[in-house]
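Residue strings, one per chain:
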Amino acid sequence: MSDILENSQARQRLRSLSEALDSGALKQVARILNGGLSPSDIAHLLESSPPRQRTLLWNLVDKKYEGDVLQYLGDDIRSYFLSQLNAQELADILEDFESDDLADLLQQLPDTVIQEVLDTMDDQDRQRVEEVLSYPEDTAGGLMNTDTITVRPDISIDVVLRYLRRHRSLPPMTDSLIVVSRRDEFIGMLPITRMLVSNPAATVREVMDTDIEPIPVTLFDTKVATLFERYDLISAPVVDEDNKLLGRITIDDVVDVIREDADHSLMSMAGLDEDEDTFAPVWKTTKRRALWLGINVLTAFTSASVIGMFEETIQQVVALAVLMPIVASMGGIAGSQTLTLMIRGIALGQVSGDNVKWLLNREFIATAMNGVLFALVVSGAAVAWFKDLTIGLVIALALVINLTLASVVGTLLPLVLKKLNIDPALAGGVILLTTTDVVGFLSFLGLATYFYA
């Protein structure tokens, strides 16, 4: 119930803020921004505002809240605001950031600015951030936070509890303490919930979990997300090739990975960046979309050239011009269904060399059966419409050919692109639709030329 009330209060503040903005009451806007809205709400408001209004709102945000708000902004907008700050201002804003969050922000800045910000930090903080920055941002090393609490296996639970009480606070998302050797080699995990109900005289070794697999520092972030999802993890230790503890990854960072991956898949299908700003300026939006539209122009000309090869046949049988989009469209939809399923399976790690043959057979048979079904339906409609049995036969055969080929292409295409290090979500749709258009037109018009010759 309290969550519902809080959400209702937040919505009310947002409405009040909108009314204050419309009336130009900037003092009231500043009071609402800094006195009632959470950093995530402020970030959402900034992302939902046109550029001029966004800049005005950002300038009204209190300096002490800027760092928290930056963490919730998309990369595009965050980069813009970061570019407006000098090194000292950045250092002041980022002072209380966790090392992983700080590394994420710094990676959006020029190298010279990164070094200036690092120079303003104390040795310990700089070392932590530099360690995270030394790994690619799409790996476990780029996700990890070096702020961890470690204990030795030979001490008692009572000693651990007394050690924890000396801390003013624990790192966020601390569900377990990490057990390491004297050489910082990972041994196991000590869940806090278990520790609290254990005999204080028991040793850490007697209570800890030793069946926890640490995450290699070079593991890709999507694989990390899969492990968290599979084992319902809240945090996990990160180790190097010698099993030495480097840091830990927490669920909040993994949620970001999952969200970004979902955004990437969705936006890539339209040739857009997952960090595309909804309110980006016209020129910036135009440039980003022009490349993808240009690629589609080339593929459209490819399909058009196939149609041009059968110009005489189309002139003889006008019905072909009416019916041929059906063949291409049906093939495109059937192929897209298979392609989407395969991309999802690859992303979840469910597709491998061992089961591709089974998937290919399943998709081929399922699509062929649908092909026969809809070939009968469409051909029947075509015969009734144009009173021509030949046109019914031609479109039936073309549909079966195009749908079955679409299933084969939809199954194998993402695997081939993945092997070539090309994102299937980005390139798969264009290649598939071009293929089904070309094959659809070629089979339909080619068969028509044969039967009507």
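As shown above, the structure is provided for reference.
### Overview of the overall build of the protein chain
When you go through the protein chain residue by residue, the secondary structure sums to 22 helices and six strands. Against the 2.2 N^0.38 benchmark of 22 Å for 453 residues, the protein chain shows a C-alpha radius of gyration of 29 Å, more extended than a compact globule. Seen through its principal axes, the protein chain has C-alpha atoms that stretch 90 × 60 × 50 Å. Counting 36 positive and 63 negative side-chain charges, the protein chain places the averaged centre of each group 4 Å from the other.

### Describing unusual backbone geometry
Although it is not a glycine, Asn 243 sits at a positive phi angle of roughly 70°. Secondary-structure assignment places Asn 243 in the loop between strand 5 (235-239) and strand 6 (245-250). Overall, the relative accessible area of 28% leaves Asn 243 in the partly exposed class. The phi dihedral of Asn 421 falls on the positive side, at around 60°, and the residue is not glycine. Mapped onto the fold, Asn 421 is located in the loop between helix 21 (389-419) and helix 22 (424-452).

### Considerations on the packing of aromatic side chains
Within this structure, the stated rule accounts for four aromatic pairs. Measuring from ring centre to ring centre gives 4.4 Å for Trp 58 and Phe 81, while their planes differ by 15°; the resulting arrangement is stacked. Residue Trp 58 is located in helix 4 (residues 51-60), and its partner Phe 81 is located in helix 6 (residues 75-83); the two are separated by 23 residues in the primary sequence. For the residue pair Trp 58 and Phe 81, the accessibility class agrees, reading buried in each case. Between Tyr 450 and Phe 451, the ring centres sit 5.3 Å apart and the planes meet at 85°, which makes this aromatic pair edge-to-face. In textbook terms, an aromatic cluster arises when at least three aromatic residues are bridged by ring pairs, as seen for Trp 58, Tyr 80 and Phe 81.

### Some words on the sheet that holds strand 5
Read from one edge of the open sheet, three strands run 4-5-6, paired in mixed fashion. The open sheet terminates on both sides in strands that have one partner only, identified here as strand 4 (215-216) and strand 6. Examined bridge by bridge, strand 4 and strand 5 share two bridges and lie parallel to one another. Looking across to strand 5, one finds that Pro 216 is bridged to Val 239.

### Things to note about the nonpolar core
Of all hydrophobic cores here, the largest spans 38 residues; its most connected members are Leu 33 and Leu 106. Setting aside residues up to four positions removed in sequence, Leu 33 forms contacts with Leu 17, Ile 42, Leu 45, Leu 57, Leu 60 and Val 61. In this structure, Met 324, Val 327, Val 378 and Ala 448 belong to the second largest nonpolar core, which totals 27 residues.

### Re empty space enclosed by the protein
All chains considered together, the criterion is met by one cavity of 30 Å³ or more. Of the volumes computed, that of the largest cavity is approximately 40 Å³. Lining the largest cavity are Ile 149, Thr 174, Ser 176, Leu 177, Ile 178, Ser 235 and Arg 248. When residues of the lining of the largest cavity are assigned to their parent elements, the largest contribution, three residues, is made by strand 2 (residues 176-180). For the lining of the largest cavity, the class distribution of residues is three nonpolar, three polar and one charged.

### Details of the pairing of strand 3 (residues 186-191)
Taken residue by residue, a regular strand's side chains alternate between the two faces of the sheet. Among the six residues of strand 3, five are classified as buried, and the element is accordingly described as predominantly covered. Alignment of strand 2 against strand 3, held across five bridges, turns out to be antiparallel. Note on strand 3: the bridge partner recorded for Val 180 is Phe 186. The hairpin formed by strand 2 and strand 3 contains five residues between the paired strands, and Asp 184 there has a positive phi angle of roughly 65°.

### Quick word on the sheet that holds strand 1 (residues 150-151)
Taken in spatial order, the three strands of this open sheet run 1-2-3, and their pairing is mixed. The sheet terminates laterally at strand 1 and strand 3, the two strands that pair on one side only.

### Topic: the packing of helix 9 (residues 111-119) against helix 10 (residues 123-133)
Following both chains from N to C, one finds helix 9 and helix 10 inclined at 150°, their axes separated by 10 Å at the closest point. As far as their axial angle goes, helix 10 and helix 9 are roughly antiparallel. Pair helix 9 / helix 10 crosses with right-handed handedness. Residues Ile 114, Leu 118 and Asp 119 of helix 9 pack against Arg 126, Val 129, Glu 130 and Leu 133 of helix 10. Considered class by class, the residues forming the contact of helix 9 with helix 10 number four nonpolar, no polar and three charged.

Conventions we followed
- Numbers given to residues run from 1 along each chain, matching the order in which its sequence is written.
- Since the coordinates come from a predicted model, pLDDT governs what is reported: local features require at least 70, and pairs of side-chain atoms require 80 or more to be given and counted, while whole-chain, interface and lining totals use all residues.
- The basis for the side-chain values is all heavy atoms of the structure; hydrogens and waters are excluded.
- Segments assigned H or I by DSSP are reported as helices when at least four residues long, segments assigned E as strands when at least two residues long, and all are numbered from the N terminus.
- Here the radius of gyration uses the C-alpha set of atoms, whereas the globule reference equals 2.2 Å times the residue count to the power 0.38.
- In this charge count, Lys and Arg are treated as positive and Asp and Glu as negative; neither His nor the chain ends contribute.
- The atoms used to mark charge sites are NZ of Lys, CZ of Arg, CG of Asp and CD of Glu.
- Relative accessibility under 20% of the residue-type maximum defines a buried residue, over 50% an exposed one, and the middle range a partly exposed one, all with a 1.4 Å probe and only protein chains included.
- Here is the rule: rings of Phe, Tyr and Trp (six-membered ring for Trp) pair when centre to centre is within 6.5 Å. Planes less than 30 degrees apart are stacked, more than 60 are edge-to-face, and the remainder are tilted.
- Each pair of strands is called paired provided DSSP finds at least two bridges between the two strands.
- Take the buried residues of types Ala, Val, Leu, Ile, Met, Phe, Trp, Tyr and Cys, join any two whose side-chain atoms come within 4.5 Å, and each joined set is a nonpolar core.
- Contact definition: two residues touch when any of their heavy atoms are within 4.5 Å.
- As defined here, a cavity is a set of points on a 1 Å grid over the protein atoms alone where a 1.4 Å probe fits but cannot get out. A pocket is an open set with protein on both sides within 12 Å along at least five of seven lines, and residues line them when an atom is within 4 Å of a point.
- Grid points are joined across faces, edges and corners, and a volume is the space filled by probe spheres set on the points.
- Under the grouping applied here, Gly and all other residues not named as nonpolar or charged are polar, the nonpolar ones being Ala, Val, Leu, Ile, Met, Phe, Trp, Tyr, Cys and Pro and the charged ones Asp, Glu, Lys and Arg.
- Only the stretch in contact is used when a helix axis is fitted, and all axes are lines through C-alpha atoms; the angle between N-to-C directions ranges over 0 to 180 degrees.
- In these notes the angle categories are as follows: under 35 degrees is roughly parallel, over 145 is roughly antiparallel, 65 to 115 is roughly perpendicular, and the rest is oblique.
- With the far helix as reference, a near helix turned anticlockwise by less than a right angle produces a left-handed crossing, and one turned clockwise produces a right-handed crossing.

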